Amino acid sequence: MKKSDLNRMNPRGRKVKILATIGPASRSPEMLRKLFRAGADAFRVNMSHGEHADHAASIAAIRDMEREFARPVAILADLQGPKLRVGTFKDGSAVIRHSGHFTLDRNPEPGDETRVCLPHPELFGILEKGQRLLINDGKIKLKVIKASDDEILCSAEVGGVISDRKGVNVPDAEVPIPALTDKDRRDLAFAVQQEADWIALSFVQRPEDLAEARRLIGNDTALCAKIEKPMAVHRLEEIIELSDGIMVARGDLGVELEPFEVPPLQKKIVNATRRAGKPVIVATQMLESMIESPMPTRAEVSDVANAVYDGADAVMLSAESAAGEWPEESVAMMDKIAGQVERDEGYKERVRFLETPPDATTSDALAHACMTIADTVPISAITVFTASGSTARRVSRERPDTPVLVLTPSNRTARRVCLLWGAHAVATKDIGSFEEMIAKGKRMALRHGFGEAGNKLIALAGVPFGTPGATNLLHVVTLSGNELERHEG
């Protein structure tokens, strides 16, 4: 027996996936193994912090762990994106008076309590009277009184201390800057070279922002658009269509919107992405208090639970697992919350409350039929044979109560599927005939804990085999329980 067989973990037993961010608190191989055992299905590499050498070491440790436990693990590289910042101050900081005037200009001299440089010339031509500028995550709120090509005169709706290079948000205008900076291009090239499975693109405002990233990553890496700008919501359907997945990045979204506007918008984004049959991640401040405390607040638990009830494909930990004092406990808590929600007798009805009508294709019709059969007849697993992962996405969109065992000859596909609701991916040798498909599906179900003697399986695939997007075959089979004994390997 292989070492990986000895270490193989049982299926998670939950549908929603957990994405954990790597950072100083969690980048050691030992801690990564603890997070994986605690419930992490995928790991986020935050390119805003750390050096490439550190990220490369973390990625190598994940791949070693992947081999050890014989389970694919997704790696998502999150690009920093264009960050707007003010310049510097004579004394390192200054105080902007409430209701006072403050000017942002193009003068590179250090600022004071009346002005500071805004080293982003593209902003001077687009801002208009009445629009807002939010500084330092919204702690300082300015409203434009008058804007010219060289100066933006503002009144301080909320003043306070402003210091060197604090971030600037512009919620009321579409900022004419590219989604990829020079740093992002370097980081993207590194992530592709390291074979990251997903690239997350920050501060997407319009569908065109995805074009360059898509060209640079090619077809082997999936592209996730982060929705954190209100402007992106106006063209949400187009952005979803051009991406492989969506992240509801509530950090900057919560800065640029009123706090009470974020929850309904989160639900809108989740629902729109689910209808498109693409994975959607809910992120930011989910268990924020666990950065310092071993226990979350009740409000945070409810926040995670609501995302699970809404049918999100994945929930994400940020600083909790990257820099907090309780990274393992944060993952374990998220795992417990998700498991408790999915055991709720009302969960199935809640998660299917959203209608996701199949497209008028044979592939979608069969994916929908899988759910219907599993609701009617006791089925231990839906085994999906796929090269690209598209069939698995179709089945997952239906949110079947039955686990989805995804069998693919592609390691890259198996890893990408790790962020897909309800999917358990296995990279295995390709199949060449109907008989081989049925035999392999039975063996994999037994080997990975998705059935026993007498259980029924659904097999879903496309014939001829190896043709992407040609799902046209559905078959129900019964396990005898001795399929592994009759076959070596």
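Here, every reference points to the structure presented above.
The following paragraphs examine the structure supplied in this document.

Tallying secondary structure elements over the chain gives 17 helices and 21 strands in all. Along the three orthogonal principal directions, the C-alpha set of the chain runs to about 80 × 45 × 40 Å. Burial analysis of the chain (489 residues in total) assigns 54% to the buried set. In the chain, once contacts between residues fewer than 6 apart in sequence are set aside, the share between residues at least 24 apart is 68%. Of the roughly 20,900 Å² of accessible surface on the chain, 50% is carried by carbon and sulfur atoms. Here the chain holds 64 positive side-chain charges and 70 negative ones, and the gap between their average locations is 3 Å.

With that settled, the discussion passes to the pattern of salt bridges. Counted according to the given criterion, the structure contains 32 salt bridges. Here Asp78 ties to Arg44 by a salt bridge, and the two come within 2.8 Å at their closest N and O atoms. Linking Asp78 in strand β3 (residues 74–78) with Arg44 in strand β2 (residues 42–46), this pair joins segments that are 34 residues apart in sequence. A relative accessible area of 8% places Arg44 in the buried class.

In this fold, Val315 is placed in strand β16 (residues 314–317). A relative accessible area of 0% means that Val315 is categorised as buried. Note: C-alpha distance between Val315 and Ile281 (34 residues apart in sequence) is 5.6 Å. If we ignore the near neighbours within four places in the chain, the residues touching Val315 are Val16, Lys17, Ile18, Leu19, Val282, Met286, Ala307 and Met334.

In sheet architecture, strand pairing relies on hydrogen bonds along the backbone and comes in two forms, parallel and antiparallel. Taken together, five strands build an open sheet; the order of strands is β19-β18-β17-β20-β21 and the sheet is mixed. If you trace the sheet from one side to the other, it starts and ends with β19 (423–427) and β21 (471–478), each paired once. Strand-to-strand, the axes of this sheet are offset by a mean angle of 20°, without reference to chain direction. Pairing of strand β17 (residues 381–385) with strand β18 (residues 404–408) involves four bridges; the strand directions are parallel. Bridged to Val384 within β18 is Val406. Lying on the sheet, helix α14 (residues 362–376) is in contact with β17, β20 (456–462) and β21; it crosses β21 at an angle near 20°. Its contacts with the sheet put helix α15 (residues 390–397) on β17, β18, β20 and β21, and the angle it makes with β17 is roughly 150°.

Turning our attention to the packing of helix α4 (residues 182–193) against helix α5 (residues 209–217). Between α4 and α5, whose axes approach to 10 Å, the crossing angle comes to 35°. In this structure, α4 meets α5 at a crossing whose hand is right-handed. Every residue of α5 that contacts α4 at Arg185, Leu188 and Val192 is listed here: Glu212, Ala213, Leu216 and Ile217. Here the residues of the contact of α4 with α5 sort into five nonpolar, no polar and two charged.

Packing of α14 against α15 brings their axes to within 8 Å, and their N-to-C directions diverge by 50°. With respect to each other, α14 and α15 are oriented oblique. Seen from above, α14 lies across α15 with right-handed handedness. Counted together, Ser363, Asp364 and Ala367 of α14 and Arg394, Val395 and Arg397 of α15 form the full contact between these two elements.

When the terminal C-alpha atoms of α14 are compared, their 21 Å separation across 15 residues agrees well with the 21 Å that a helix rising 1.5 Å per residue should span. Every buried residue of α14 is accounted for by Ser363, Asp364, Leu366, Ala367, Cys370, Met371 and Ala374. Lining the buried residues of α14 we find β17, α15, β20 and β21.

Below, the discussion takes up the packing of aromatic side chains. Here the structure, examined in full by the defined rule, presents two aromatic pairs. On the numbers, 5.2 Å between centres and 45° between planes, the contact of Phe36 with Phe69 is tilted. With Phe36 in helix α2 (residues 29–38) and Phe69 in helix α3 (residues 52–69), the pair connects residues that are 33 residues apart, well separated along the chain. We note that Phe36, like Phe69, is buried. Aromatic side chains Tyr309 and Tyr347 sit 6.3 Å apart centroid to centroid with 55° between the ring planes, which places their arrangement in the tilted category. Residue Tyr309 is located in helix α10 (residues 298–309), and its partner Tyr347 is located in helix α13 (residues 347–351); the two are separated by 38 residues in the primary sequence. Exposure class is identical for Tyr309 and Tyr347. Each is buried.

The rules behind each value
- Residues numbered from 1 in each chain as written.
- Predicted model: local features only at pLDDT ≥ 70, side-chain atom pairs only at ≥ 80, totals over all residues.
- Heavy atoms only, no water.
- Helix = DSSP H or I, 4+ residues; strand = E, 2+ residues; numbered from the N terminus.
- Buried < 20%, exposed > 50% of the residue type's maximum accessible area, 1.4 Å probe, protein only.
- Contact = heavy atoms within 4.5 Å.
- Areas by Shrake-Rupley, 256 points an atom, 1.4 Å probe, with all protein chains shown as cover.
- Lys, Arg positive; Asp, Glu negative; His and termini not counted.
- Charge placed at Lys NZ, Arg CZ, Asp CG, Glu CD.
- Salt bridge = Lys/Arg side-chain N within 4 Å of Asp/Glu carboxyl O.
- Pairing = 2+ DSSP bridges.
- Axes fitted to C-alpha atoms, helices over the stretch in contact; angles between N-to-C directions.
- Left-handed = near helix turned anticlockwise from the far one by under 90°.
- Nonpolar A, V, L, I, M, F, W, Y, C, P; charged D, E, K, R; others polar.
- Parallel < 35°, antiparallel > 145°, perpendicular 65-115°, else oblique.
- Expected span 1.5 Å × (residues − 1).
- Phe/Tyr/Trp six-rings, centres within 6.5 Å; stacked < 30°, edge-to-face > 60°.

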